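Residue-level structure breakdown
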Amino acid sequence: MDDQLKRDEYYMNHILEDSDTFKFSCSACGKCCRKREEPIILTSADIFRLAKYLKKSCGDVILEKCDFYLGKMSNLPVVVLKEKLNGSCVFLHHNECSVHDVFLTNCRIYPLGRMMELMNPNKESIDEADDKDLKFSYFIQPVEAPCGTDKTWTLKEYLDKFHVKDYDSESKAWTKAISHLATKYTQKLKTEPQKDAFGKLAFLMMYIRFDTSGNYVEQLRENIDEIDRVMNTKEWQDILRDKK
């Protein structure tokens, strides 16, 4: 069994219901923000909120505060928070997060993880589903939280405390966009030039081309529609037919 299948099996076996409990407390020690085994992945909604908070463009936030790469399986761009030379998050100062007021998904739900489930059997994929047909399921991550375990939470208490569900519409829009692009285009990208060209287009539309004075979800949908339009042009069809 490969690592991804093992992770998926773990997630499915550790799903929490609203009344299920777990123990976690934050002592502001900063341990979960430095020398992580895996970087903190950001959605474009996270970047949009950061840009709005910092009064910068999304592109400037990525350039100054993030690293990015192409996903090996999805061929889609992945954006992560930069680390300082000492291994700490770029936003960690004196053991405190300098952007704590910004909802960054993976930071805010820690030590939980989550996965999207399609609840409507009549829908074939996440990107075709309505928001009401999609549900986030939460689980305890398979790592020991370094901050202590002296406070007991129910899942509902924790999500309510940090207003997680207030951002569900943005999170669902992002997950649907990822599903749409991965399903529709990943298998068509066979050569490195194809992957590179598509990656640049996707990076621009998924992360950069946003006006933070506008609505994130509406702009994301427009940007994904633009990717579909571009991918159907003669120029792109020629690129996809090129096997070299």
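The model shown is predicted, which means the values in this text are computed figures rather than measured ones.

Right, let's get into the environment of cysteine 97. Among the secondary structure elements, cysteine 97 is positioned in strand β7 (residues 96-97). Here the alpha-carbon distance between cysteine 97 and glycine 30, two residues 67 residues apart in the chain, equals 8.2 Å. Beyond its immediate sequence surroundings of up to four residues, cysteine 97 is in contact with Phe91 and Leu92.

Evaluated as defined, the whole model comprises 14 aromatic pairs. Ring centres of phenylalanine 103 and tyrosine 167 lie 4.0 Å apart, and the angle between their planes is 15°; on these two criteria the pair is classed as stacked. Taken together, the positions of phenylalanine 103 in the loop between β7 and α4 (105-109) and tyrosine 167 in the loop between α5 (155-161) and α6 (168-185) put the pair 64 residues apart, joining distant regions of the chain. Taken together through their ring pairs, the aromatic side chains of Phe22, Phe24, Tyr110, Trp153, Tyr158 and Phe162 make up a single cluster. The ring of phenylalanine 136 is capped by arginine 114, whose NZ or CZ atom sits 3.8 Å from the centre of that ring. Taking NZ or CZ as reference, lysine 151 lies 4.6 Å from the ring centre of tryptophan 153, over its face.

Approximately 200 Å³ is the volume found for the second largest pocket. Looking at the lining of the second largest pocket, the elements with two or more residues in it are α6 and α8 (216-231). A total of five residues in the lining of the second largest pocket trace back to one element, the largest contributor, which is α8.

How each quantity is defined
Position numbers for residues start from 1 in each chain and track the written sequence from start to end. Given that the model is predicted, a residue must reach a pLDDT of at least 70 before its local features are reported, and side-chain atom pairs must reach 80 or more before they are shown or counted; all residues, however, enter totals for whole chains, interfaces and linings. In computing side-chain properties, one takes all heavy atoms of the structure into account and sets aside hydrogens as well as water. Counting from the N terminus, the helices are the DSSP runs of H or I reaching at least four residues and the strands are the DSSP runs of E reaching at least two. Between two residues, a contact is recorded if the distance between any of their heavy atoms is within 4.5 Å. Only rings of Phe, Tyr and Trp enter the pairing, Trp through its six-membered ring, and a pair is recorded when the two centres are within 6.5 Å. The plane angle decides the type: under 30 degrees is stacked, over 60 is edge-to-face, the rest tilted. Cation placement over rings: the criterion is NZ of Lys or CZ of Arg within 6 Å of the ring centroid and within 35° of the ring normal. Within this scheme a cavity is a closed region of a 1 Å grid, computed over the protein atoms alone, that accommodates a 1.4 Å probe without allowing it to escape, whereas a pocket is open but has protein on both sides within 12 Å along at least five of seven lines; lining residues each have an atom within 4 Å of a point. Grid points are joined across faces, edges and corners, and a volume is the space filled by probe spheres set on the points.

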